[in-house]
Amino acid sequence: KCLGYDPNIFFPFAEKSGDSYSRSYVRGRENTILAKSICGECPVSEECLQYSLLHEPHGIWGGKTERERKTLRRRLGVSLVPKEPINILLGFKFGG
């Protein structure tokens with residue numbers, strides 16, 4: 001469901017611009033509310049949240065903010081799993 005939306009909506013505080021902090025903060029809060037409402041109507045929101053608990057430290061995933069997911073990870077005893085570089089996935093080794 002999030003396909004087709006501006007990705008900045010789901011990463012509301014990552015924008016870098018010349019705006020003042022207060023204007024950026026207000027835009028970030030508005031985008032957070034919008035992203036959560038989009039996620040709330042999404043049929044794969046639960047799967048998205050499950051994926052993000054293991055792999056995504058930033059942005060809004062499955063209707064949860066970074067802080068909400070961090071709290072959920074702590075409560076569930078789950079840690080982020082680093083994404084493997086493509087060379088490791090393909091079986092290539094460095095240095096011989």
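Bear in mind that the values here come from a model prediction, so they are computed numbers and not experimental data. (Residues numbered from 1 in each chain as written. Predicted model: local features only at pLDDT ≥ 70, side-chain atom pairs only at ≥ 80, totals over all residues. Heavy atoms only, no water.)

Draft legend 1. Structural context of the overall build of the protein chain. Broken down by element type, the protein chain carries four helices and zero strands. Buried residues in the protein chain amount to 24% of all 96 residues. A fraction of 44% describes how many contacts in the protein chain between residues 6 or more apart in sequence connect residues 24 or more apart. Carbon together with sulfur atoms contributes 59% to the accessible area of the protein chain, which is approximately 7200 Å² in total. (Helix = DSSP H or I, 4+ residues; strand = E, 2+ residues; numbered from the N terminus. Buried < 20%, exposed > 50% of the residue type's maximum accessible area, 1.4 Å probe, protein only. Contact = heavy atoms within 4.5 Å. Areas by Shrake-Rupley, 256 points an atom, 1.4 Å probe, with all protein chains shown as cover.)

Draft legend 2. Just helix 2 (residues 45–55), in detail. Burial in helix 2 covers these residues: S45, L49, S52 and L53. Considered in projection along helix 2, the buried side chains sweep an arc of 105° and stay on one side of the axis. (Arc of directions from axis to C-beta.)

Draft legend 3. Up close: the nonpolar core. Membership of the largest hydrophobic core is limited to six residues, which are I9, F10, A35, I38, C39 and I60. Here A35 is in contact with I9, F10 and I60, once residues within four sequence places are set aside. (Core = buried A, V, L, I, M, F, W, Y, C linked by side-chain atoms within 4.5 Å.)

Draft legend 4. Geometry of the pattern of salt bridges. Evaluated as defined, the whole model comprises one salt bridge. Here K36 makes a salt bridge to E68, at a shortest N to O gap of 2.9 Å. Taken together, the residues span a long stretch of sequence, with K36 in helix 1 (residues 21–40) and E68 in helix 3 (residues 66–76) at a distance of 32 residues. (Salt bridge = Lys/Arg side-chain N within 4 Å of Asp/Glu carboxyl O.)

Draft legend 5. Structural detail: helix 3. Regarding helix 3, the residues found buried are R69, L72 and R73. Summarising the axial view, the buried residues of helix 3 lie within an arc of 105°, below the 170-degree limit, and thus occupy one face. Pointing more than 90 degrees away from the buried face of helix 3 are the exposed residues R67, K70, R74 and R75. Contacts from the buried residues of helix 3 go to helix 2.

Draft legend 6. Quick peek at the packing of aromatic side chains. In total, this model carries one aromatic pair according to the counting rule given. Centre to centre, the rings of Y51 and W61 are 6.0 Å apart; their planes meet at 45°, and the pair counts as tilted. Here Y51, found in helix 2, pairs with W61, found in the loop between helix 2 and helix 3; they are ten residues apart in sequence, far enough to count as distant. (Phe/Tyr/Trp six-rings, centres within 6.5 Å; stacked < 30°, edge-to-face > 60°.)

Draft legend 7. The confidence of the model for the protein chain, seen in detail. Here the protein chain averages 81 in pLDDT, and 73% of its residues register 70 or above. Put simply, helix 4 (residues 86–90) is where the protein chain has its lowest mean pLDDT, 51, and helix 3 is where it has its highest, 95. (pLDDT = per-residue confidence, 0-100.)

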